[in-house]
Amino acid sequence: MNERKELWEEIGTSEAYWAVATHDKFRASNLNSDLKEDFLASGREHVNDVWQTFERLLGNELKPTRALDYGCGVGRLVLPLAERCDHVIGVDISSAMLREAAKNAESRGLSNITLQTVDEFIADENAEYDFVHTYIVLQHIRPAIGYAMIETMLDRLKVGGHAMIHTTFVDKSPLFGRIRARLYRDVPGVHRSLNLIRGRTLPFVPVYTYDLERVRSIFRDRRLDILDEREIDHSVVGRMFFLKRS
Ligand SMILES: C[S@@+](CC[C@H](N)C(=O)[O-])C[C@H]1O[C@@H](n2cnc3c(N)ncnc32)[C@H](O)[C@@H]1O
């Protein structure tokens, strides 16, 4: 389950913010407190949007007691979730990301957040949540592992609970770019060597696509109703699923 941990430790140490919002202004060398606020504001907007969607679909207020944010990074979404839920558990493979998330939570005086590594999350077998959330994370995890993580998250979702699961399904980028990305992703050392030759330092962030029917069957097998689904086109096309465990 800790595949690519080294890569995410490296990214979390060198370019934690850029890895989430891949714009040059969020590179470590450019980051200042105003940009950090912009970055965190984008997380608040995302959570507001998820809330509005659920509340419109349900026709009532969503007020989870124990929420999970899987792949929480520096806490961009954990912080606004902590303002809306009694308790939030943020999980990440990278302890460097989790350290930054802890700093962000502390600087906002939020004490209802627990941060866990993936190993701690997996070991927490009896954990239950009434809200499960993961956004722009599964796309970076090899599907064989990602399907198992979706299953684990949803097995722990309480009856009556809600989930927003996002992952990617179709890569629409041009053929050459797709082949190059596969090479960087699947052949060890290629991207690192090119970086050395070109004097660049940016790490390569792998992206995978999932099988839509397999993901739907995970929902079906766990008796989850798809309340709504929304396509997200970031050149690799994904979907946000809004789910309820009846
Ligand atoms: C693009 S960032 C998104 C962070 C956060 N969800 C957000 O939207 O701000 C992807 C995050 O997934 C984490 N990640 C990568 N592989 C993971 C895995 N197998 N399990 C848990 N987290 C993982 C990375 O460390 C990184 O923090």
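Everything in this summary refers to the structure shown in the same document. Quantities reported herein were computed from a predicted structural model and do not represent experimental measurements.

How each quantity is defined
Residues numbered from 1 in each chain as written. Predicted model: local features only at pLDDT ≥ 70, side-chain atom pairs only at ≥ 80, totals over all residues. Near = placed C-beta within 6 Å. Helix = DSSP H or I, 4+ residues; strand = E, 2+ residues; numbered from the N terminus. Nonpolar A, V, L, I, M, F, W, Y, C, P; charged D, E, K, R; others polar. Axes fitted to C-alpha atoms, helices over the stretch in contact; angles between N-to-C directions. Contact = placed C-beta atoms within 7 Å. Core = buried A, V, L, I, M, F, W, Y, C linked by C-beta atoms within 7 Å. Buried ≥ 20, exposed ≤ 12 C-beta atoms within 10 Å, placed from the backbone. Pairing = 2+ DSSP bridges. Right-handed = clockwise from strand over helix to strand, strands pointing away.

Describing the site of the ligand
Phase 1: In the neighbourhood of the ligand, 21 residues make up the surrounding shell, with W8, G71, G73, R76 and I93 lying closest.
Phase 2: Of all the elements in the fold, those that place two or more residues in the shell around the ligand are α1 (5–14) and β2 (87–92).
Phase 3: Residue composition of the shell around the ligand, grouped by class: 13 nonpolar, 6 polar and 2 charged.

Description of the packing of α1 against helix α4 (residues 95–107)
Packed helix pairs are characterised by how far apart their axes lie and by the angle those axes make with each other.
Phase 1: Contact geometry for α1 and α4: axes closest at 7 Å, N-to-C directions at 35°. Contacts between α1 and α4 involve W8, E9, G12 and T13 on the former and, on the latter, S95, A96, M97 and E100.
Phase 2: Of the residues that constitute the contact of α1 with α4, the class distribution is 3 nonpolar, 3 polar and 2 charged.

Concerning the nonpolar core
Taken as a class, soluble globular proteins show a tendency for nonpolar side chains to be buried jointly.
Phase 1: One finds L68, V78, L81, V88, A101, V132 and M153 to be the most contacted residues of the largest nonpolar core, which totals 56 residues.
Phase 2: In contact with V78, other than residues within four places in its own chain, are D69, C72, V88, G90, A101 and I113.

A few points about the pairing of β2
Phase 1: Most of β2 sits inside the fold, with 5 of its 6 residues counted as buried.
Phase 2: Inspection of the sheet shows strand β1 (residues 66–70) paired to β2 by 5 bridges, in the parallel sense. Looking at the pairing, R66 lines up with H87 of β2.
Phase 3: Regarding the hand of the β-α-β motif, the stretch spanning β1, helix α3 (residues 78–84) and β2 is right-handed.
Phase 4: Strand direction decides the pairing type here: β2 and strand β3 (residues 113–117), joined by 5 bridges, are parallel. Bridging from a neighbouring strand, G90 pairs with L115 of β3.

Re the sheet that holds strand β6 (residues 224–234)
Phase 1: Taken together, 7 strands build an open sheet; the order of strands is β3-β2-β1-β4-β5-β7-β6 and the sheet is mixed. Taken across any chain shown, the strands that pair with only one partner, and hence form the sheet edges, are β3 and β6. Within the sheet, the average angular offset between the axes of one strand and its neighbour, ignoring direction, is 15°.
Phase 2: Taken strand by strand, α4 contacts β2 and β3, and its axis lies near 170° from that of β3.

Thoughts on the pairing of β6
Phase 1: Both β6 and strand β7 (residues 236–245) contribute to a ladder of 10 bridges, which runs antiparallel. Paired with D225 across the two strands is K244, which belongs to β7.
Phase 2: Counting the residues between successive antiparallel strands, the hairpin from β6 to β7 contains 1 residue, one of them, S235, with a positive phi of roughly 70°.

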